[in-house]
Amino acid sequence: MSSSTTVRTARRRTLRIAVAALTAAAGLTLTACSGSDAAGAKPAAHAESGKAAVESSGTGSSAGAQGSDAQAGSGAKADTKTDTKAGAAGQQSGKQSGSANAAGGGKAASPVRTQRLADGISKAEIYKLGDQHYRAKIVARGSVLATLETKGRDDGLDANDMFVTLTLDGQVHSWMGGGHQGPGTFKLAGGWTAKVTKVGELRYRAQIIGHDGVAATLETNQHDVGLDANGIYLVLSSGGVISAHE
């Protein structure tokens, strides 16, 4: 083989090796680029995934917050309903309590009857409090002037020369005038005699004397007193005035 042929063959081999080297280098470059792109894509994917996770987490938090708000709102509504029910129950209880009080005190609050008195102006409002237990309010022009009450005995009142008695059976009798100022002995209606004596400050005693002697005794203790003596009504005032009427 000639020297020129040898030189050409060597050049061809060199070119082939160079081409192969270039091809390999290009492949490595492409591989490197692909790896770099893949590596770059992965962080991007991670970033997107992280972002999605963050957004998902944020949505979850937001939903959780909304859930909490909803629960809080629901709780508030429940509390409001409870308070409303409690308030309604309290009001109902108050109404029932008021009704019970009215029912319990209805008899005492309403008079069994009202009676006009002898002066033509006053009236007696009569209340039954129990067996042989009555109260009479003496009312004039809307004002209560005095109160009579039976407590095991009759009661009486001298109201400016108008005399009023309240008996154990709830009967009211009134009359004008006919008073006698004690101490002293006085003839009364119905054939009775009253012997009035002073026993202390605003304290007088009257012995009611009939055909058979002393039938009853009245005594004031800073309070007028009255008596039904067999249909004759008597009043002895704390000032010593005695009057009777049949």
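Each remark here, short or long, concerns the structure printed above.
Structural notes, computed from the coordinates. (Residues numbered from 1 in each chain as written. Predicted model: local features only at pLDDT ≥ 70, side-chain atom pairs only at ≥ 80, totals over all residues. Heavy atoms only, no water.)

The subject of this paragraph is the side chain of threonine 167. By secondary structure assignment, the location of threonine 167 is in the loop between β6 (162-166) and β7 (172-176). We classify threonine 167 as buried; its relative accessible area is 4%. Side-chain polar atoms of threonine 167 contact the side chain of aspartate 169, separated by 2.3 Å. If we ignore the near neighbours within four places in the chain, the residues touching threonine 167 are Thr150, Asp154, Asp228 and Tyr233. (Helix = DSSP H or I, 4+ residues; strand = E, 2+ residues; numbered from the N terminus. Buried < 20%, exposed > 50% of the residue type's maximum accessible area, 1.4 Å probe, protein only. Polar contact = N/O pair within 3.5 Å; in protein donor to acceptor, adjacent residues only side chain to side chain. Contact = heavy atoms within 4.5 Å.)

With that settled, the discussion passes to the environment of glycine 226. Residue placement: glycine 226 occurs in strand β13 (residues 225-229). Glycine 226 gets classed as buried once you look at its relative accessible area, which sits at 4%. The sequence separation of glycine 226 and leucine 236 amounts to ten residues, and the corresponding C-alpha distance is 6.3 Å. Ignoring sequence-local partners within four residues, the contact set of glycine 226 consists of Asp154, Asp155, Gly156, Leu218, Leu234 and Val235.

Further remarks concern the pattern of salt bridges. Within this structure, the stated rule accounts for three salt bridges. The closest approach of N and O atoms between arginine 135 and glutamate 149, which form a salt bridge, is 3.1 Å. A residue pair is termed long-range when its members are at least 10 positions apart, and arginine 135 in strand β3 (residues 133-140) and glutamate 149 in strand β4 (residues 143-149) qualify at 14 residues. Here glutamate 219 ties to arginine 203 by a salt bridge, and the two come within 2.6 Å at their closest N and O atoms. (Salt bridge = Lys/Arg side-chain N within 4 Å of Asp/Glu carboxyl O.)

This paragraph deals with the nonpolar core. Residues Leu188, Leu234, Leu236 and Ile242 are the most contacted members of the largest nonpolar core, which totals 17 residues. Those elements that provide at least two residues to this core are β10 (193-200), β11 (203-210), β13, β14 (232-236) and β15 (241-245). When residues no more than four places from it in sequence are discounted, the contact partners of isoleucine 242 are Gly178, Gly179, His180, Phe186, Leu188, Ala194, Val196, Ala206, Ile208, Val235 and Leu236. Core analysis: the second largest hydrophobic core is formed by 13 residues, Tyr134, Ala146, Met162 and Val172 among them. (Core = buried A, V, L, I, M, F, W, Y, C linked by side-chain atoms within 4.5 Å.)

Across the sheet, which stays open at both edges, the three strands sit in the order β5-β6-β7 with antiparallel pairing between neighbours. Of all strands in the sheet, those bounded by a partner on one side alone are β5 (155-159) and β7. Each strand axis lies, on average, 15 degrees off the axis of its neighbour in the sheet, ignoring direction. Pairing geometry for β6 and β7, over five bridges, is antiparallel. Bridge pairing in β7 links methionine 162 to methionine 176. (Pairing = 2+ DSSP bridges. Axes fitted to C-alpha atoms, helices over the stretch in contact; angles between N-to-C directions.)

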